[in-house]
Amino acid sequence: MSKRENQILQLLKRDPFIQQQEIADILGISRSCVAGHIMNLSKKGYIKGKGYILSNDVYTVTIGAANIDLTSYTSAKLIYEDSNPGKIISTPGSVGRNIAQNIALLKNESYLISVIGDDAYGKTLFEQTKSAGVNVKYLYKLEGEKTSICNSIIDENGKCIVAVNDMCILEKLTPTLLSQSKSLIQHASVLVVDCNLTEEALDWLFNHADTVPIFVDTVSRAKASKIRHLLSHIHTLKPNRTEAEILSGIKIETQEDAADAAHWFHQHGVQRLILSMDAEGVYYSERDNTSGWSSAISTNIINTNGAGDAMMAGLVHCWLEGMELKESVRFAQQCSALTLSSESIEIFPKHRLSF
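Sequence order as written defines residue numbering, which begins from 1 separately in each chain. In keeping with the predicted nature of the model, local features appear solely for residues at pLDDT of at least 70, side-chain atom pairs appear and are counted solely at 80 or more, and the whole-chain, interface and lining totals rest on all residues. As a convention, hydrogens and water are excluded, and side-chain values are obtained from all of the structure's heavy atoms.

### Some points on the overall build of the protein
Put simply, DSSP marks the helices as runs of H or I at least four residues long and the strands as runs of E at least two long, and each gets a number from the N terminus on. On a plain count of helices and strands, the protein comes out with twelve helices and 15 strands. With the principal axes as the frame, the protein shows a C-alpha extent of 70 × 50 × 40 Å. Looking at the 355 residues of the protein, the share that counts as buried comes to 52%. Contact between two residues is taken to exist if any of their heavy atoms lie within 4.5 Å; hydrogens are not considered. For the protein, long-range pairs separated by at least 24 residues make up 63% of all intrachain contacts whose partners lie at least 6 apart in sequence. When accessible area is computed with a 1.4 Å probe and restricted to protein chains, residues below 20% of their type maximum are described as buried, those above 50% as exposed, and intermediate ones as partly exposed.

### As for the pattern of salt bridges
For salt bridges, the criterion is a side-chain nitrogen of Lys or Arg within 4 Å of an Asp or Glu carboxyl oxygen. Summed over all chains, the structure comprises six salt bridges. For the salt bridge of Asp217 with Lys238, the shortest nitrogen-to-oxygen distance reads 3.4 Å. One end of the pair, Asp217, is in strand E11 (residues 214-217); the other, Lys238, is in strand E12 (residues 236-238), with 21 residues separating them in the sequence. Lys238 carries the same exposure label as Asp217, and that label is buried. Residue Arg241 is joined to Asp278 by a salt bridge in which the shortest nitrogen-to-oxygen separation is 3.6 Å. Linking Arg241 in helix H9 (residues 241-248) with Asp278 in the loop between strand E13 (272-276) and strand E14 (281-286), this pair joins segments that are 37 residues apart in sequence. The network of salt bridges with shared partners includes Arg241, Asp278 and Glu280.

### Let's talk about the sheet that holds E14
Note: two strands are recorded as paired if DSSP finds a minimum of 2 bridges between them. Across the sheet, which stays open at both edges, the nine strands sit in the order E7-E6-E3-E10-E11-E12-E13-E14-E15 with mixed pairing between neighbours. Where the open sheet ends on each side, the last strands, each with one partner, are strand E7 (139-142) and strand E15 (291-295). Direction aside, neighbouring strands of the sheet carry axes that sit 15° apart on average. Judged from the five bridges that link them, E13 and E14 form a sheet pairing that is antiparallel. Across the sheet, the residue bridging to Leu273 is Ser285, located in E14. Strands in contact with helix H11 (residues 307-320) are strand E3 (60-63), strand E10 (190-194), E11, E12, E13 and E14; relative to E11, the strand with the most contacts, it is inclined by about 170°. Angles shown run from 0 to 180 degrees and are taken between the N-to-C directions of axes, each axis being a line fitted to C-alpha atoms and, for helices, limited to the stretch in contact.

### Quick look at helix H10 (residues 255-267)
Between its first and last C-alpha atoms H10 spans 18 Å; for 13 residues at 1.5 Å apiece the expected length is 18 Å, and the two agree. Every buried residue belonging to H10 is among Asp257, Ala258, Ala261, Ala262, Trp264, Phe265 and His266, and all of these are buried. Where H10 is buried, its residues contact E12, H9, E13 and E14. Looking one or two residues past H10, Gly269 carries a phi angle of roughly 105°, positive in sign. Here a helix's expected span is defined as the number of its residues, less one, multiplied by 1.5 Å.

### Things to note about the sheet that holds strand E9 (residues 160-166)
An order of E5-E4-E8-E9 is seen for the four strands of this open sheet, with the pairing classed as mixed. Looking at the sheet topology across the chains shown, the edges are occupied by strand E5 (86-93) and E9. Strand after strand, the sheet turns through a mean of 15° between neighbouring axes, direction not considered. Summarising the sheet, strand E4 (residues 67-74) and E5 pair through eight bridges and their orientation is antiparallel. Across the sheet, the residue bridging to Asn67 is Gly93, located in E5. Against the sheet, helix H5 (residues 120-131) makes contact with E4, E5 and strand E8 (148-154), and its axis sits at roughly 95° relative to E4, the strand it touches most.

Next comes the structure, spelled out in structure tokens:
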């Protein structure tokens, strides 16, 4: 490899979708010269496919919501219709953004596709998500729009009592905007989708993902139904008990019920089901393969927000590492437990995870 080819290759590693003219401007050479070097790199096997995807390039793309979380913690038993002493903190949050950040914290190449406003909250989201190691090239800042906010109240047991979301900006993440990242999406190793997206955005993603495995977070009972007609496209689905009941129509109270629900999901095309049964644990099942039960991990619960997002990040990480489903679920539960025991939604790098 020549010196110039190596310079170009390093630029492509930093941004696989950089334009040839931009490379030319950086290196002070002509665009046609850049095209010639790229052709040579392709012939030598350093580049494959469209979009300058590099050989052995592994990355995830998460598409979903990004917002600021305003979280109120009561310092004593919550008293309704009255003022309660406690504390209020502000942190970057929302399902898609949290998952993308935790995937990055687990030392994986992680892209986030979402929308933010051109306000102070948007600036905070952009900078903190970027500093966590997430590639934010496709975190679109929309002029004149207000960044999403989620305001939640956490009781003395760490349980979210109520939350109010102002997420209208996510309606602006349209198929037209998503199409700008089509090549990135189609060359991803894993695509993670959250059901905060509009039905139009979800339909576009599932119809343009090609053969990329899709991991879906159902988000909430109100939003889970958006993907009922898309189940046959889903590789890994991670609902809780209520969300699974809404999708399948099966009442889930026992492990046997969970197995019945898993069978229903597999019949409708879902390859893997990771069903959270709250404090009881997790039922997991893979079509035509393994299934089982993983008991809950005991932990001191500070905040339940973000625990499911950390679990999804753990599942994605284990898929990239080629781990078996049983080990993957246990690892993902540990990621969730770390988040449950913290006021933050992050999986902190200082923690050592074991199986």
